[in-house]
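A structural walkthrough
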Amino acid sequence: MSKVLVMGASGFLGSHVVKALVAAGREVRIMVRTTSDTRAIDHLSLERVTGDIDSSDAIAAALTGCDSVFYCIVDTRAWLRDPAPLYATNVDGLRRVLDAALAAGVSRFVFTSTYGTIGINPAGVSTEDDIFNWADKAPAYVKCRVQAEDMFLAYCREKNLPGVACCVGNTYGADDIVPTPHGALVKNVAAGKMPYYWQGGGPCVGVRDAARALLLAETRGVVGERYIVAERWLDYEELFAIAANRAGVAPPSKKIPLALLYCMAAIADLVSFVTRKDNRLSVASLRCSTLLPNVDSARAQRELGWQPQSVEREVSEAVDYYRAHP
């Protein structure tokens, strides 16, 4: 098969997409910045180009000779006081890449989106047919991801971009080097540094299963469609219990009332405003963990032939990784 380009290859999901492609015998090129931490994939045989999505020339050079694109770039810093960087990366950067992909004539573009773009269904479980319907409560991070996905699907519909979107749940597994925001919670639980839990959670998936879904979307996905990639919902109490059990520590036993947590986040936002410093405990980041919908991945399983394994397995592998790399 022809050469593929992975953008966002240094990220958690992107690095696992690279590993899956290499394992499948694909010829892989990655585009990374000079500052990218690529330890998770440095041992692999692949072509590397340096560039940033701020540069149309760098994007065009990276795309040259590539037939498929796996786009895994995302700024997940939902807690930022100023959301401008989120839009600059998640929307404006994507637009430049989409324009370059059209000019290069790629045959398939697999876009990593999020389950946060799915609408909330009153029945309790949402599907790809549920249009985003909670903008009045959504933080800037979710809004920019919705804008990005809408733009991507418009390119597919109006400009004939051969693209498929994957709305991925919270990913867990080994080699979460940074770690991801949701991975950091599991890491703290495994280290015995999380005495509390709270109402909230999200659709979750093992990172290797998520990577496999993206590869399946390249060959089996319907152009212009989006596919939910999540194994099942995990609330924080269960997630933290799985992590604590694997680490051999006591699980968080005290539940913080959600109203109190929002008050704490509001105070933290005020402190951030006064000090002009970002704080991960923010109303925006809290909304990302308490308002997002539960989802059903039946379409991905039916149309892509995707069969995810239990996410508990990769939560346990994440714990093993965090403990080995404190």
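Let us look at the structure shown here. (Residues numbered from 1 in each chain as written. Predicted model: local features only at pLDDT ≥ 70, side-chain atom pairs only at ≥ 80, totals over all residues. Heavy atoms only, no water.)

1. Some words on the side chain of histidine 182
- Tracing the backbone shows histidine 182 in helix α5 (residues 181-190).
- Owing to a relative accessible area of 19%, histidine 182 belongs among the buried residues under this scheme.
- When neighbours within four sequence positions are excluded, histidine 182 is seen to be in contact with Asn170, Thr171 and Tyr172. (Helix = DSSP H or I, 4+ residues; strand = E, 2+ residues; numbered from the N terminus. Buried < 20%, exposed > 50% of the residue type's maximum accessible area, 1.4 Å probe, protein only. Contact = heavy atoms within 4.5 Å.)

2. Observations regarding helix α1 (residues 12-23)
- Under the 1.5 Å per step criterion, the end-to-end length of α1 is 17 Å for 12 residues, consistent within 8% with the ideal 16 Å.
- A large share of α1 lies buried, amounting to 9 of its 12 residues.
- Within the span of α1, buried status applies to Phe12, Leu13, Gly14, Ser15, His16, Val17, Val18, Lys19 and Leu21.
- Taken from the residues just after α1, glycine 25 is the one with a positive phi, measuring 80°. (Expected span 1.5 Å × (residues − 1).)

3. Concerning a nonpolar patch on the surface
- Together, Leu260, Met264 and Leu281 give the surface a local cluster of nonpolar side chains, amounting to about 230 Å² of exposed area.
- Residue placement: leucine 281 occurs in the loop between α8 (258-275) and α9 (283-290). (Patch = residues over 30% accessible without salt bridge, like charges linked within 9 Å, V, L, I, M, F, W, Y side chains within 5 Å. Areas by Shrake-Rupley, 256 points an atom, 1.4 Å probe, with all protein chains shown as cover. Salt bridge = Lys/Arg side-chain N within 4 Å of Asp/Glu carboxyl O.)

4. Some points on the environment of serine 253
- Mapped onto the elements, serine 253 comes out in the loop between α7 (236-247) and β12 (254-256).
- Sequence spacing of serine 253 and alanine 140 is 113 residues, and the spatial spacing of their C-alpha atoms is 32 Å.

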